[in-house]
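Next come the chains, spelled out residue by residue.
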Amino acid sequence: MTQDTRPRTPTAPTGRQPPPPPMLPRPFRVLSSRQDTPDTWTLALTPEDGVPLSFAPGQFTMLGALGAGEVPISISGDPTGDVLEQTIRDVGGVTHSLVTAVAGDVLTVRGPYGNSWQAGDQATAGGDLVIVAGGIGLAPLRSVILGAVAHRERYGRVTLLYGARSPAERLYPGELTDWAYQGIEVGVTVDRADQDWAGRVGLVTELIPAAHLNPDRTTALVCGPEVMMRFVATALLDTGIPASRIRISMERNMACGIGLCGHCQLREFFICTDGPVFGYDQLAGLLAIREA
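The structure displayed is predicted, hence computed values, not measured ones. (Residues numbered from 1 in each chain as written. Predicted model: local features only at pLDDT ≥ 70, side-chain atom pairs only at ≥ 80, totals over all residues. Heavy atoms only, no water.)

*Asks:* Could you give an account of the overall build of the protein chain, naming the residues involved and the relevant values?
*Replies:* The secondary structure content of the protein chain amounts to 7 helices and 15 strands. Compactness check: the protein chain gives a C-alpha radius of gyration of 20 Å against a globular reference of 19 Å for 292 residues, within 12% of the reference. With the C-alpha coordinates aligned to their principal axes, the bounding extent of the protein chain is approximately 80 × 45 × 40 Å. Going through the 292 residues of the protein chain one by one, you find that 45% of them count as buried. Contacts in the protein chain between residues far apart in sequence, at least 24 positions, make up 69% of those at least 6 positions apart. For the protein chain, the exposed surface amounts to about 14,600 Å²; the carbon and sulfur share of it is 53%. For the protein chain, the distance from the average position of its 23 positive side-chain charges to the average position of its 30 negative side-chain charges is 4 Å. (Helix = DSSP H or I, 4+ residues; strand = E, 2+ residues; numbered from the N terminus. Rg over C-alpha atoms; globule rule 2.2 N^0.38 Å. Buried < 20%, exposed > 50% of the residue type's maximum accessible area, 1.4 Å probe, protein only. Contact = heavy atoms within 4.5 Å. Areas by Shrake-Rupley, 256 points an atom, 1.4 Å probe, with all protein chains shown as cover. Lys, Arg positive; Asp, Glu negative; His and termini not counted. Charge placed at Lys NZ, Arg CZ, Asp CG, Glu CD.)

See the structure below:
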């Protein structure tokens, strides 16, 4: 008898489904669309196949509109829920197709990709947490805040310091108020105010000294424009928090999400696989280099 030497496709163990190919998009239907700022919307999505997307806070998807393309978008929802929430700023052709989607439309989702904030890990369990966000940088941190609210007993102090360009450009304004009543210390500032704004005006870095952080027990999570993160990290270092306990989330132009295309390479790092979350001690030197 001749032995069959043809290669065989590996089969998953009984009772387990093999993971989907990493480049295979899944169809998700839009449940709702909420406008958060003049140029930013949050979409609630549900999988057409009925299998919720499992993710960790800080991860992202490649979110696509049929016929328009796809872009990397951080996940902004509750990782314990069945609905996928993604907050999208309208900055180009693909994102415009995404933010103009209405209930019933079908979008494509690949992922999740990247690492997580690791909030609640051994380094942060029982300690204090300070979250510093600028602009739409609050979106990738919203999952952490929702988790901290739901499991407040896992942390000491939880402080959110948020800066926006104007009062109208604050993300999740209603939730900012709610979080302040749910055990989160919330400080908000804007770059420029209108006649109805009675809050602080100035840079988000100015909120850090007034927060009176305990450097021996605080872990910092930071997301926003790179220049903002660099100045925030410096201000946090000035309080005594070590660089290894300052975590930042990077954004780069991504196309594949799995480290093949090289679009997101930052020297030896691939943001899509090594990040997007990094310890500041890993990137401090690179962020200090001025781009030509």
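Moving on, there is more to tell.
*Asks:* Could you give an account of the domain arrangement of the protein chain, naming the residues involved and the relevant values?
*Replies:* When the domains of the protein chain are assigned, the result is domain 1 (26–113) and domain 2 (128–249). Using only C-alpha atoms to locate each centre, domain 1 and domain 2 end up separated by 24 Å. Carbon and sulfur atoms make up 55% of the surface buried where domain 1 meets domain 2, a total of about 1,200 Å² over both sides. Applying the counting criterion to the domain 1 and domain 2 interface returns 1 salt bridge. Residues Glu 85 and Arg 142 are paired through a salt bridge, measuring 3.0 Å at the closest nitrogen-oxygen approach. On the surface where domain 1 and domain 2 come into contact, there are 4 residue pairs in polar contact (both at pLDDT 80 or more). Looking at the side of domain 1 that touches domain 2, the elements with two or more residues in it are β1 (26–37), β2 (40–47) and β5 (84–89). No other element matches the 4 residues that β5 contributes to the side of domain 1 that touches domain 2. (Domains from an automatic or database assignment. Buried area = accessible area lost by both parts, 1.4 Å probe. Salt bridge = Lys/Arg side-chain N within 4 Å of Asp/Glu carboxyl O. Polar contact = N/O pair within 3.5 Å; in protein donor to acceptor, adjacent residues only side chain to side chain.)

*Asks:* Mind laying out the pairing of strand β7 (residues 128–134), listing which residues take part and the relevant values?
*Replies:* A large share of β7 lies buried, amounting to 7 of its 7 residues. A two-sided burial pattern is seen for β7, the buried positions comprising Asp 128, Val 130, Val 132 and Gly 134 on one face and Leu 129, Ile 131 and Ala 133 on the other. Note that β7 and strand β11 (residues 218–223) share 6 bridges and pair parallel. Paired with Val 132 across the two strands is Val 222, which belongs to β11. In this sheet, strand β8 (residues 158–164) lies alongside β7 in parallel orientation, the contact comprising 6 bridges. Residue pairing in the sheet places Leu 129 in a bridge with Val 158 of β8. For the crossover from β7 across helix α2 (residues 139–150) to β8, the handedness is right-handed. (Pairing = 2+ DSSP bridges. Right-handed = clockwise from strand over helix to strand, strands pointing away.)

*Asks:* Outline the side chain of Thr 87, supporting the account with residue identities and numerical values.
*Replies:* By the secondary structure assignment, Thr 87 is in strand β5. Side chain to side chain, Thr 87 and Ser 76 meet in a polar contact 2.9 Å long. For Thr 87, the side chain forms a polar contact with the side chain of Tyr 172, separated by 2.7 Å. When neighbours within four sequence positions are excluded, Thr 87 is seen to be in contact with Asp 36, Thr 40, Trp 41, Thr 42, Ile 73, Ser 74, Ser 76, Ile 136, Ala 139, Leu 171 and Tyr 172.

*Asks:* Please set out the pairing of strand β9 (residues 185–190) residue by residue, giving values where relevant.
*Replies:* Taken together, the 6 bridges between β8 and β9 define a ladder with parallel strand orientation. The residue bridging Thr 159 from the neighbouring strand is Glu 185, located in β9. With helix α3 (residues 173–180) bridging β8 and its parallel neighbour β9, the resulting β-α-β unit is right-handed.

*Asks:* I'd like a rundown of the packing of aromatic side chains, residues and numbers included.
*Replies:* By the definition in use, this model includes 2 aromatic pairs. Centroid distance Phe 60 to Tyr 113: 5.9 Å. Interplanar angle 50 degrees. Geometry classified as tilted. In this pair, Phe 60 is assigned in strand β3 (residues 60–65) and Tyr 113 in strand β6 (residues 106–113), connecting sequence segments 53 residues apart. Among the residues examined, Phe 60 registers a relative accessible area of 3% and is labelled buried. Ring centres of Phe 269 and Phe 278 lie 5.3 Å apart, and the angle between their planes is 65 degrees; on these two criteria the pair is classed as edge-to-face. (Phe/Tyr/Trp six-rings, centres within 6.5 Å; stacked < 30°, edge-to-face > 60°.)

*Asks:* I'd like a description of the sheet that holds β3, backed by residues and values.
*Replies:* Spatially, the 6 strands line up as an open sheet ordered β4-β3-β6-β1-β2-β5, and their pairing is antiparallel. At either margin of the open sheet sits one strand with a lone partner, and together these are β4 (69–74) and β5. Pairwise comparison of adjacent strand axes, ignoring direction, gives a mean angle of 40 degrees for this sheet. Bridging between β2 and β5 involves 6 bridges; their strand directions are antiparallel. Across the sheet, residue Ala 44 finds its bridge partner in β5, namely Glu 85. (Axes fitted to C-alpha atoms, helices over the stretch in contact; angles between N-to-C directions.)

*Asks:* Any details on the sheet that holds β11? Residues and values, ideally.
*Replies:* Within a sheet, each strand pairs with its neighbour through backbone hydrogen bonds, oriented either parallel or antiparallel. With mixed pairing, the 7 strands of this open sheet are ordered in space as β10-β9-β8-β7-β11-β12-β15. Pairing within the sheet leaves two strands with one partner each, and these edge strands are β10 (200–201) and β15 (277–279). Sheet strands in contact with α2 are β7, β8 and β11, and its direction is about 150 degrees off that of β7. Most of the contacts of helix α5 (residues 226–238) go to β11, to which it runs at about 165 degrees, and overall it touches β7, β11 and β12 (246–249).

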